[in-house]
Amino acid sequence: MLVGVLLVAAISLRLYAEGPQWGLRLAQAPDGAVVAAAVRGHAVAWEQHVRPGDRVVSIDAVDAHRFVGQPVERASRIVVVDQNGNPRTLQPPVLSDAL
């Protein structure tokens, strides 16, 4: 049992070190804006309340148009505008030093 717990902890730390899994795919809307076309459940984007149709402005300070059609898996900052027009800057959760 202890070996299993240690194995899960090691895998989790390795994945965290590789960067967040945003689980986000972008598309261009008819008006030219970049939107979240797909958001994978339980990935960082979903957990931070990004939903399909939310406008994506930038990824790591790069215009989101450069990411259209590509999965967004690893990024340190994403700026979105939700369907109510509220801009938000998203960052992945921070792993505490206690872990």
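Quick notes on the rules
- Residues numbered from 1 in each chain as written.
- Predicted model: local features only at pLDDT ≥ 70, side-chain atom pairs only at ≥ 80, totals over all residues.
- Heavy atoms only, no water.
- Helix = DSSP H or I, 4+ residues; strand = E, 2+ residues; numbered from the N terminus.
- Contact = heavy atoms within 4.5 Å.
- Buried < 20%, exposed > 50% of the residue type's maximum accessible area, 1.4 Å probe, protein only.
- Polar contact = N/O pair within 3.5 Å; in protein donor to acceptor, adjacent residues only side chain to side chain.
- Phe/Tyr/Trp six-rings, centres within 6.5 Å; stacked < 30°, edge-to-face > 60°.
- Lys NZ or Arg CZ within 6 Å of the ring centre and 35° of its normal.
- Pairing = 2+ DSSP bridges.
- Core = buried A, V, L, I, M, F, W, Y, C linked by side-chain atoms within 4.5 Å.

Visitor: Which residues make up the overall build of the protein, and what values go with them?
Guide: Looking only at helices and strands, the protein features 2 helices and 7 strands. Along the protein, from the amino end to the carboxyl end, the secondary structure elements read α-β-β-α-β-β-β-β-β. Across the protein, the fraction of contacts at a sequence separation of at least 24, relative to all contacts at a separation of at least 6, is 44%.

Visitor: Let's hear about the side chain of Q48: which residues, and what values?
Guide: Relative to the helices and strands, Q48 resides in the loop between α2 (44–47) and β3 (55–59). On the basis of relative accessibility, which here comes to 18%, the residue Q48 falls in the buried class. At 2.5 Å, the side chain of Q48 forms a polar contact with the backbone oxygen of Q91. When residues no more than four places from it in sequence are discounted, the contact partners of Q48 are R88, L90, Q91, P92 and P93.

Visitor: Give me the lowdown on the packing of aromatic side chains, citing residues and values where you can.
Guide: Here a ring pair, both rings aromatic, is described through the centre-centre distance and the interplanar angle of the planes. Counted by the stated rule, this structure contains 0 aromatic pairs. One Lys or Arg, R51, reaches over the ring of W46 and ends 3.5 Å from the middle of that ring.

Visitor: Tell me about the pairing of β3, residues and numbers included.
Guide: Examined bridge by bridge, β3 and strand β6 (residues 78–81) share 4 bridges and lie antiparallel to one another. Bridge pairing in β6 links R55 to V81.

Visitor: Outline the side chain of S58, listing residues and values.
Guide: Position of S58 among the secondary structure elements: in strand β3. Those residues within four positions of S58 in sequence are excluded, and the remaining contacts are A64, R77, I78 and V79.

Visitor: Account for the nonpolar core, with residues named and values stated.
Guide: If you look at the biggest cluster of nonpolar residues, it comprises 17 residues, and the most contacted ones within it are W22, L24, L26, V50, V56 and I78. At the level of elements, β1 (24–28), β2 (34–39), α2, β3 and β6 are the ones that each hand at least two residues to this core. Counting residues per element, this core draws most heavily on β2, at 3 residues. Beyond its immediate stretch of four places on either side in the chain, L26 contacts V34, V35, A36, A37, V56, I59, A64, F67, V68, G69, Q70 and V72.

Visitor: Give a detailed account of the pairing of β2, specifying residues and quantitative values.
Guide: As defined by bridge partners, β1 adjoins β2 across 5 bridges and the pair is classed as antiparallel. Residue pairing in the sheet places R25 in a bridge with A38 of β2. Hairpin connection between β1 and β2: a loop of 5 residues separates the two successive antiparallel strands, and G32 in this loop has a positive phi of roughly 95°.

Visitor: Just give me the short version of unusual backbone geometry, but keep the residues and values in it.
Guide: Unusually for a residue other than glycine, H49 sits at a positive phi of about 70°. Tracing the backbone through its elements, the reader meets H49 in the loop between α2 and β3. Accessibility expressed as a relative area gives 55% for H49, which makes it exposed. Look at D60: it is not a glycine, yet its phi comes out positive at around 50°.

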